[in-house]
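Each chain, written out:
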Amino acid sequence: MTTSTTTLRTRRPVGRRRIGSHAFLIILAFYFVIPIWWLVVAATKDTAGLFGSPAFWFADDFALFDNIAGLFQHQDGIYWRWLGNSFLYAFTSGIGATILAVLAGYGFAKFRFRGGSWVFTLILGSVMVPLTALVIPTFVLLSDYGIINTPWAVILPSLLNPFGVYLMRIYTQDAIPDEIIEASRIDGAGEIRTFFTVVLPMLRPGVVTVLLLSVVVTWNNFFLPLAVLTDPDLLPVTVGLNRWTALSNAGAGGEQVWNLITSGAFISVVPLILSFLFLQRYWQGGLSTGAIK
């Protein structure tokens, strides 16, 4: 009887903690879903519906397809050019930043060279520097080389990803045993062949993580393109929608395109959602492979 009573008493706090943690997670999920839900609902409304209907529920008229058609017509469909620019900047920078981060992280993790720890410490310290603090020095540097107001002004700075280097170094140290590399060298494989045939397949989850983070950061980048780009045809979707917002706030020429802004914002997040869903299987596959090994 005493044992059962003690067991019951120990189970009750555990059950309460589980209920509390689940409730906290539900609140967090609800908190993060609210803005997405609002964006989905707002994308289906016209300008009158945005201001004349409940914020978190649909209006009487479903105007999503009319809004998409308006994106093709407004300013000769420049929104779709902005979206294409975002694809160009994000995926070019993301792939380039991932390649550099993987090579640098692998080098720091598996090779010993003079000053390596100091260089890595410098890279790690740069993670703490806000990106916005580097925009003005970056602008001055790019201006000296004459590439302001070109796609390179966005792509080149985005290739540097100190956090990606740090992440790949830590992941390589844990995922790649030194014995595997030594065995490959004993079998006669060179460093390049060892990296591409032995190391890289084992780094797949880390590579996908760095790629996705790099793409998301560049896609959502606002301050850097705002500072280095002035040609409307070169703007990414973040800066372009901000210009429409400024015009709508000012009421310039009676232009009110709030419905196009919300629909354009909704369309701009769809590629990121699809990227997460598509790349998720690579994370799962990599984790399963590591578990089997």
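Owing to the predicted nature of the structure, the values given are computational and were not obtained by experimental measurement.

*Asks:* Please give an account of a nonpolar patch on the surface that cites residues and values.
*Replies:* On the surface, a cluster of nonpolar side chains totalling about 730 Å² of accessible area is made up of Phe30, Val33, Ile34, Trp37, Trp38, Phe56 and Trp57. Tracing the backbone through its elements, the reader meets tryptophan 57 in the loop between helix H2 (47-52) and helix H3 (64-73).

*Asks:* Just give me the short version of the pattern of salt bridges, but keep the residues and values in it.
*Replies:* Taken as a whole and judged by the stated rule, the model has four salt bridges. Here arginine 81 makes a salt bridge to aspartate 233, at a shortest N to O gap of 4.0 Å. Of this pair, arginine 81 sits in helix H4 (residues 78-110) while aspartate 233 sits in the loop between helix H12 (223-228) and helix H13 (237-250), and the two are 152 residues apart along the sequence. Take arginine 81: its relative accessible area is 45%, and that puts it in the partly exposed class. Taking the relative accessible area as the measure of exposure, aspartate 233 reaches 33% and is therefore partly exposed. A salt bridge links arginine 185 to glutamate 182, with the shortest nitrogen-to-oxygen separation between them at 3.1 Å. Placement of both arginine 185 and glutamate 182 in helix H9 (residues 178-186) is noted, with a separation of three residues, approximately one turn of the helix. On the basis of relative accessible area, arginine 185 is assigned to the partly exposed category, the value being 29%. Each of the salt bridges in this network shares a partner with another, and the network as a whole consists of Glu182, Arg185 and Glu191.

*Asks:* I'd like a description of the packing of aromatic side chains, backed by residues and values.
*Replies:* Using the criterion set out here, one finds 19 aromatic pairs in the structure. When the ring of tryptophan 37 is compared with that of phenylalanine 58, the centres are 5.7 Å apart and the planes differ by 85 degrees; the resulting orientation is edge-to-face. With tryptophan 37 in helix H1 (residues 2-42) and phenylalanine 58 in the loop between H2 and H3, the pair connects residues that are 21 residues apart, well separated along the chain. Judged by relative accessible area, which is 34%, tryptophan 37 ranks as partly exposed. Summarising the aromatic geometry, the rings of phenylalanine 62 and phenylalanine 65 are spaced 5.9 Å apart at their centres and angled 55 degrees between planes, so their arrangement reads as tilted. One aromatic cluster in this structure is built from Phe72, Tyr79, Trp80, Trp82 and Trp244. Stacked on the ring of phenylalanine 120, the Lys or Arg arginine 169 has its end atom at 4.1 Å from the ring centre.

Conventions used here
Residues numbered from 1 in each chain as written. Predicted model: local features only at pLDDT ≥ 70, side-chain atom pairs only at ≥ 80, totals over all residues. Heavy atoms only, no water. Patch = residues over 30% accessible without salt bridge, like charges linked within 9 Å, V, L, I, M, F, W, Y side chains within 5 Å. Areas by Shrake-Rupley, 256 points an atom, 1.4 Å probe, with all protein chains shown as cover. Salt bridge = Lys/Arg side-chain N within 4 Å of Asp/Glu carboxyl O. Helix = DSSP H or I, 4+ residues; strand = E, 2+ residues; numbered from the N terminus. Buried < 20%, exposed > 50% of the residue type's maximum accessible area, 1.4 Å probe, protein only. Phe/Tyr/Trp six-rings, centres within 6.5 Å; stacked < 30°, edge-to-face > 60°. Lys NZ or Arg CZ within 6 Å of the ring centre and 35° of its normal.

Function cannot be inferred from these measures alone, as they are strictly geometric.
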